[in-house]
Amino acid sequence: QVQLVESGGGLVQAGGSLRLSCAASGRTFSTYTMAWFRQAPGKEREFVATISRGGSTAYATSVKGRFTISRDNAKNTVYLQMNSLKPEDTALYYCAADRAGSWVMAMTATTYDYWGQGTQVTVSS
């Protein structure tokens, strides 16, 4: 069983920055594909960013150039650096882990076995 704990959310003005962290339990974190998803009120959960066990990354079009996903395998932690935040980035942000370390379907929520509880990001205009 893998436990994921997100932190770093909060309230920020448009144009500001936040860094989210996701700490994972387990001894095989380095083999997982990790991702961030988000869900705004009344909307479906959507893909934000993913990072493979080898460090390859992919982003949703809406965040490309503003958000950066990274991982520190020594700390069992994945990060999401969010810059130039917009009100439409307001959502509950979830961390997810895929034990199989797959990449082909890395932007799809059903690929992921484990999810955190979420951390709220609110961007004011």
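In what follows, the structure referred to is the one given above.
The present account deals with the structure reproduced in this document. (Residues numbered from 1 in each chain as written. Predicted model: local features only at pLDDT ≥ 70, side-chain atom pairs only at ≥ 80, totals over all residues. Heavy atoms only, no water.)

## Focus: the state of the cysteines
And step 1. Considering all chains together, one arrives at 1 disulfide under this definition.
And step 2. Two residues share a disulfide in this structure: C22 and C95, whose sulfurs sit 2.1 Å from each other. Handedness here is read from the sign of the S-S torsion; for C22 and C95, about -80 degrees, the answer is left-handed. Here C22, found in strand β3 (residues 18–24), pairs with C95, found in strand β9 (residues 91–98); they are 73 residues apart in sequence, far enough to count as distant.
And step 3. According to the relative accessible area criterion, C22 is buried, its value standing at 0%.
And step 4. Among the residues examined, C95 registers a relative accessible area of 0% and is labelled buried. (Disulfide = S-S within 2.5 Å. Helix = DSSP H or I, 4+ residues; strand = E, 2+ residues; numbered from the N terminus. Buried < 20%, exposed > 50% of the residue type's maximum accessible area, 1.4 Å probe, protein only.)

## Some thoughts on the nonpolar core
And step 1. Membership of the largest hydrophobic core comes to 37 residues, with the highest contact counts inside it found for L4, M34, W36, V78, L80, M82 and Y93.
And step 2. Secondary-structure elements contributing two or more residues to this core are β3, β4 (33–39), β5 (46–51), β7 (67–72), β8 (77–82), β9 and β11 (119–124).
And step 3. Considering every element that reaches this core, the biggest residue donor is β9, with 5 residues. (Core = buried A, V, L, I, M, F, W, Y, C linked by side-chain atoms within 4.5 Å.)

## Some remarks on the pattern of salt bridges
And step 1. Following the criterion strictly, the structure yields 4 salt bridges and no others.
And step 2. A salt bridge links E46 to R38; the shortest N-O distance between them is 2.6 Å.
And step 3. With a relative accessible area of 5%, R38 lands in the buried category.
And step 4. For R38, the salt bridge is made with D89, and the minimal N-O distance between the two is 2.9 Å. You can see R38 sitting in strand β4 and its partner D89 sitting in the loop between β8 and β9, a full 51 residues away along the chain.
And step 5. Relative accessible area serves as the criterion here: at 0%, D89 is assigned to the buried category. (Salt bridge = Lys/Arg side-chain N within 4 Å of Asp/Glu carboxyl O.)

## Some words on the packing of aromatic side chains
And step 1. Throughout the structure, instances matching the rule amount to 6 aromatic pairs.
And step 2. Judged by centre distance (6.3 Å) and plane angle (75 degrees), the rings of F29 and Y32 are edge-to-face. Here F29 and Y32 have matching classes, each one buried.
And step 3. Here the aromatic rings of Y94 and W115 are separated by 6.5 Å at their centres, their planes lie at 80 degrees, and the arrangement is edge-to-face. Here W115 lies in strand β10 (residues 114–115) and Y94 lies in strand β9, a separation of 21 residues in the sequence.
And step 4. In this structure, R71 packs its charged tip against the face of F29, placed 4.7 Å from the ring centre. (Phe/Tyr/Trp six-rings, centres within 6.5 Å; stacked < 30°, edge-to-face > 60°. Lys NZ or Arg CZ within 6 Å of the ring centre and 35° of its normal.)

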